[in-house]
Amino acid sequence: MMGHSHAVSGAMLYAGAAPFLPPLVLHTHLKPADILLGTVLCAGAALLPDLDHHDGTIANFLGPISKVLCRFVAWASGGHRHATHSLLFVALMGFGSWAGVQFLGRPFTMGLTFFLLALAIKSLRLHPPGDGVTTWLTIMGLAVVGTAVMDKWMPSAPGWLPYAVALGTLAHLLGDCLTKQGAPLLWPHKERYEIVLIKRSGNDVETKVLVPIMTVATFALLWFTALEPTVLS
């Protein structure tokens, strides 16, 4: 799947799971602000497995910084669609985010927020077109402003942030399992799992059917889980 598709799937999964999973996993009900912020950041987190892709969406969102990061992760993880496309990686991202929020405090929380928000801006195409210096500087600027705004609404240690990271990462894996290449969910076991619905990334099934459906579903879910309760209150 393309980066944009992964981001939309992450947003949809977070918005759809908001009334159900957090009470089971976090033992709390998410506030409307938590749902809205989490949906955006989960969209960014849905790009994290592609840290192993030297030329994917995530490699271009912060210019040379993200290029170097992705090349290092690709080298360390065995290449594209290996270690970072596994359930182990989902667990590591979730646990690592939780540990950072709990033990490193607000600087880590807001740094992670900036990173995920910049990813969401890039993957959802909320920036001028292109991959040049002007584009990634614009993404960084928008992410700084967005992070400052989120800082006003985000709890000191948001338990839903590691949950959003793990859920977004999982959304990416589920999306890749719909393609011919599949994903090695049980890595280091090398078998790849797939139910082929998208025969080629970026084809009409993905861009003209799945993405529009997921986009409409995301806004509909947000209305019922976050916006409508706020309006009625």
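The paragraphs below set out a description of the structure included in this document. (Residues numbered from 1 in each chain as written. Predicted model: local features only at pLDDT ≥ 70, side-chain atom pairs only at ≥ 80, totals over all residues. Heavy atoms only, no water.)

Bringing the overall build of the chain into the picture now. A count of helical and extended segments in the chain gives nine helices and zero strands. In sequence order, the secondary structure elements of the chain are arranged as α-α-α-α-α-α-α-α-α. Over its C-alpha trace the chain gives a radius of gyration of 17 Å, about what one expects of a compact globule, namely 17 Å for 233 residues. Considered along the principal axes of its C-alpha atoms, the chain spans approximately 45 × 35 × 35 Å. (Helix = DSSP H or I, 4+ residues; strand = E, 2+ residues; numbered from the N terminus. Rg over C-alpha atoms; globule rule 2.2 N^0.38 Å.)

A few words on the packing of aromatic side chains. Taken as a whole and assessed by the stated rule, the structure comprises four aromatic pairs. The interplanar angle of 40° and the centroid separation of 5.9 Å between the aromatic rings of Phe72 and Trp75 together place this pair among those described as tilted. Pair noted here: Phe72 and Trp75 are both in helix α4 (residues 64-77), with a separation of three residues, about one helical turn. A relative accessible area of 67% means that Trp75 is categorised as exposed. Pairwise contacts between aromatic rings join Phe95, Trp98 and Phe103 into one cluster. (Phe/Tyr/Trp six-rings, centres within 6.5 Å; stacked < 30°, edge-to-face > 60°. Buried < 20%, exposed > 50% of the residue type's maximum accessible area, 1.4 Å probe, protein only.)

Let's shift gears to helix α5 (residues 87-103). When the terminal C-alpha atoms of α5 are compared, their 24 Å separation across 17 residues agrees well with the 24 Å that a helix rising 1.5 Å per residue should span. Of all the positions in α5, only Phe89, Val90, Gly94, Ser97, Ala99, Gly100 and Val101 are classed as buried. Those residues of α5 hidden inside the fold are in contact with α6 (106-123) and α8 (160-176). Of the residues one or two after α5, Gly105 is the one with positive phi, at around 75°. (Expected span 1.5 Å × (residues − 1). Contact = heavy atoms within 4.5 Å.)

A word on the packing of helix α1 (residues 3-17) against α8. Pairs of packed helices are described in terms of their axes, by the angle between the two and the distance that separates them. Running from N to C, α1 and α8 cross one another at 125°; their axes reach a closest spacing of 8 Å. Considering their axes alone, α1 and α8 lie oblique with respect to each other. In this structure, α1 crosses over α8, and the sense of that crossing is right-handed. Counted together, His6, Ser9, Gly10, Leu13, Tyr14 and Ala17 of α1 and Trp160, Tyr163, Ala164, Leu167, Ala171, His172, Gly175 and Asp176 of α8 form the full contact between these two elements. (Axes fitted to C-alpha atoms, helices over the stretch in contact; angles between N-to-C directions. Parallel < 35°, antiparallel > 145°, perpendicular 65-115°, else oblique. Left-handed = near helix turned anticlockwise from the far one by under 90°.)

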